[in-house]
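Summary of structural features
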Amino acid sequence: MKKNNIRRTQVSTRMSRRLPKGSGRVVTLAAMPLLFASVEARAQTAPVAQASPQSGSVSTVNVRPILHSAANPPKPTKIPSAQTLETLFNTESISSLLNSSDDALRERDLSAGYYVPAQTFGNLVPQLAGPRKWLADKGFSFQLSYKGEGVANVGGGKRKGMDYAHEVTLTTRFDLGKLIGWQGWMLHAVMMERAGRQVSHDYVGEQRILLSEVYSLSGGAAAHLADIYLEKNFFHDTVNLNIGRITLTHTYATSVLLCTFMIQCSAPVALKSQQGWSVYPKATWGGTIRVRPTRDLIVTTGVYQSAPLTENPSGWAWGAEHGTGVMLPIEVTWQPFFGPKKLPGHYKVGFGHDTTHYDDVIGSVPAAYRHSVGSHLGGARDTFYFEADQMIYRKGGDHQMAGGYLMAGYIHNTPSTSIFSDQVYFGASLLGIFPGRPFDRFGVMYSYYQISHNLTLGQRLKVDAGLSLGPLVNGPQTHAATLEAYYGIPVMPGLVMQPVFEYMMRPGETSKIPNAILTGLKVLAAL
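Most often, soluble globular proteins have nonpolar side chains that are buried together. Within the largest apolar cluster, 44 residues are counted, with the highest numbers of intra-cluster contacts made by Ile209, Leu211, Met504 and Leu518. With residues near it in sequence (within four places) discarded, Leu518 still touches Val151, Ala152, Asn153, Val199, Val204, Leu211, Val500, Phe501, Glu502 and Met504.

So this is what it looks like as structure tokens:
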């Protein structure tokens, strides 16, 4: 039995060197902005590489630009070498404790697609496939996409009403090896136009939790520069480096599954709502190093500037940003496969230390209470998070988005310097739950948000002293919760319609405003 396991390991290792992605490779998170369409999308409009499970050989097949059916599942997409990450050691860590048939050995290409937002199937203009390929061969790749959200408050909250917001995003990648001879170097750049209003503020009475995704904290922008950074693999593709202006929450504490939801995209609210964890489209100077010690582990760490989220609203005025400290994040991800169908899971533990000195959120304590409350000097901010998702069934293909997932997470911030001290969420993202609709996706998520005790205490002291809490706060804030559900429908290649339902509990983090019921429609399109 032991000899057979050794032989299978050797065969799988040999195959991994010839597969589009094999047992020792993973799509780097830096690939996420470029590969905006899902693996299913790419398979409909371009040649893809397929690997034979028996021989390990790679062949190329042409796929017609049509929507997939159960008999015509999505095919894996060939991943450029600059977006793969080889293992330091051809072994396993935690997965070695599992049954030998339930480890991370990949006898088929099961890994493609997880770190790619499942947004649209294909492109609205498949006739551009030829020019796209010609440009890519010369060293330039691009994606132009549209995301629009119309969300209405239909009950509760402050008043009934609807808001609309959208973004148009141009994602580009320059292969500097083909363009100027810098072999292995890639330049990524993302620019977008954003406009619209936020239904949370206008109709619900919620100021801290955004109930639609694409609204910017700093308002609309005609040509906002988001990410612009260099990427390169070193030491035989075992170390991946990204350096430049980068959005942290497109690298840390994120996943494709979170970004199918509006409230939690691109990271949980308790994490992305505070300085240090720059949230899309806000980027900051810094760099990330990513290594894969074993086949089932990924370690990501970096150093970034910490600056207020609302500074430099255009993305171009780099000199207008005022750094207040350094953000030091680290994340460890375990990626096992379970059962004969190789159901993937992703289990993340992360930590971030922001050296910025923040004031204590208790605020200015009224004079009558200063003796009893004591001093609150503030300090740095630490964040701990755990996130997990596990596929529970496979449907429609071998890639990691072909099936249904359960997911959950927990975030904790330093209570004295954070608005949200804790957040807990759990939910599901399920593919093909209705007969005849194999590629529709249904998602539901509940999330609970705990306001820092220091902030609550400070507000209560002000109320007791007869002081105002400001125009947007109607009482001491304690906690809130949200429930979100969606149903994503691929209408045609390049177009997805996604009806959305949201239920906001305790808007404003108090009991003063009635719970709000919201409905809406999210539209996703790719040129």
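With that settled, consider unusual backbone geometry. Omega for the bond connecting Cys265 with Ser266 falls within 30 degrees of zero, at 5 degrees, which places this linkage in the cis form. Tracing the sequence through the fold places Ser266 in the loop between strand E7 (239-246) and helix H6 (269-272). Of note in the backbone geometry, Ala253 takes a positive phi value of approximately 60 degrees without being a glycine. Here Ala253 is to be found in the loop between E7 and H6. Overall, Ala253 belongs to the buried group, its relative accessible area being 0%.

On average, residues of the protein score 81 in pLDDT, and 79% of them are at 70 or above. Low pLDDT, under 50, characterises residues 1-71; the stretch is placed with 190 contacts to residues that sit more than four places away or in other chains. Predicted confidence for residues 105-118 stays below pLDDT 50, and this span has 69 contacts to residues more than four positions away or in other chains.

Across six bridges, strand E8 (residues 284-291) lies against strand E9 (residues 297-306) in antiparallel orientation. The residue of E9 that forms the bridge with Gly286 is Tyr304. Between the end of E8 and the start of E9, which pair antiparallel, lie five residues. For E9 and strand E10 (residues 325-334), the ladder comprises eight bridges, and the chain directions are antiparallel. Bridge pairing in E10 links Gln305 to Val326.

Moving on, we get to the state of the cysteines. Inspection of every chain in the model, using the stated rule, returns one disulfide. Sulfur-sulfur distance for the disulfide between Cys259 and Cys265 comes to 2.1 Å. Since a negative S-S torsion denotes a left-handed disulfide, the Cys259-Cys265 link at about 70 degrees is right-handed. Neither residue differs from the other here; Cys259 and Cys265 are each classed as buried.

Next up on the list: a nonpolar patch on the surface. Residues Ile330, Val332, Val349, Phe351, Phe384, Phe386, Tyr410, Val424 and Phe426 make up a contiguous nonpolar surface patch of roughly 710 Å² in combined accessible area. Sorting the residues of the nonpolar patch by element identifies E10, strand E12 (343-358), strand E13 (379-394) and strand E15 (420-431) as the ones contributing at least two each. Relative to the elements of secondary structure, Phe384 occurs in strand E13.

Moving on: the pattern of salt bridges. Between side chains of opposite charge, pairing is possible as soon as their charged atoms come close. Using the criterion set out here, one finds eleven salt bridges in the structure. Among the ionic pairs, Lys522 bridges to Glu149, the shortest N-O distance being 3.9 Å. With a gap of 373 residues between them, Lys522 in strand E19 (residues 516-526) and Glu149 in strand E3 (residues 140-155) connect regions that are remote in the sequence. Residue Lys282 pairs with Glu321 through a salt bridge whose shortest N-O separation is 2.9 Å. Here Glu321 lies in the loop between E9 and E10 and Lys282 lies in the loop between H6 and E8, a separation of 39 residues in the sequence. Taking relative accessible area as the criterion, Glu321 reaches 9% and is therefore assigned buried.

Quick look at the pairing of strand E5 (residues 186-196) now. Pairing analysis gives eleven bridges linking strand E4 (residues 161-175) to E5, with the strands arranged antiparallel. Opposite Leu170, over in E5, you have Met191 as the bridge partner. One ladder, built from seven bridges, connects E5 with strand E6 (residues 221-234); its direction is antiparallel. From the neighbouring strand, Met192 faces E6, where its bridge partner is His224.

This part covers helix H8 (residues 453-464). An ideal rise of 1.5 Å per residue puts 16 Å on twelve residues; H8 measures up with 16 Å between its terminal C-alpha atoms. Inspection of H8 places Asn454, Leu455, Thr456, Gly458, Gln459, Leu461 and Lys462 among the buried residues, and these make up the whole buried set. Packed against the buried residues of H8 are helix H7 (370-373) and strand E16 (441-451). Of the residues that open H8, the one with a side-chain oxygen 3.2 Å from the backbone nitrogen of Asn454 is Ser452. Just downstream of H8, Gly466 is the residue with a positive phi angle, here 80 degrees.

The rules behind each value
- Residues numbered from 1 in each chain as written.
- Predicted model: local features only at pLDDT ≥ 70, side-chain atom pairs only at ≥ 80, totals over all residues.
- Heavy atoms only, no water.
- Core = buried A, V, L, I, M, F, W, Y, C linked by side-chain atoms within 4.5 Å.
- Buried < 20%, exposed > 50% of the residue type's maximum accessible area, 1.4 Å probe, protein only.
- Contact = heavy atoms within 4.5 Å.
- Helix = DSSP H or I, 4+ residues; strand = E, 2+ residues; numbered from the N terminus.
- pLDDT = per-residue confidence, 0-100.
- Pairing = 2+ DSSP bridges.
- Disulfide = S-S within 2.5 Å.
- Patch = residues over 30% accessible without salt bridge, like charges linked within 9 Å, V, L, I, M, F, W, Y side chains within 5 Å.
- Areas by Shrake-Rupley, 256 points an atom, 1.4 Å probe, with all protein chains shown as cover.
- Salt bridge = Lys/Arg side-chain N within 4 Å of Asp/Glu carboxyl O.
- Expected span 1.5 Å × (residues − 1).
- Polar contact = N/O pair within 3.5 Å; in protein donor to acceptor, adjacent residues only side chain to side chain.

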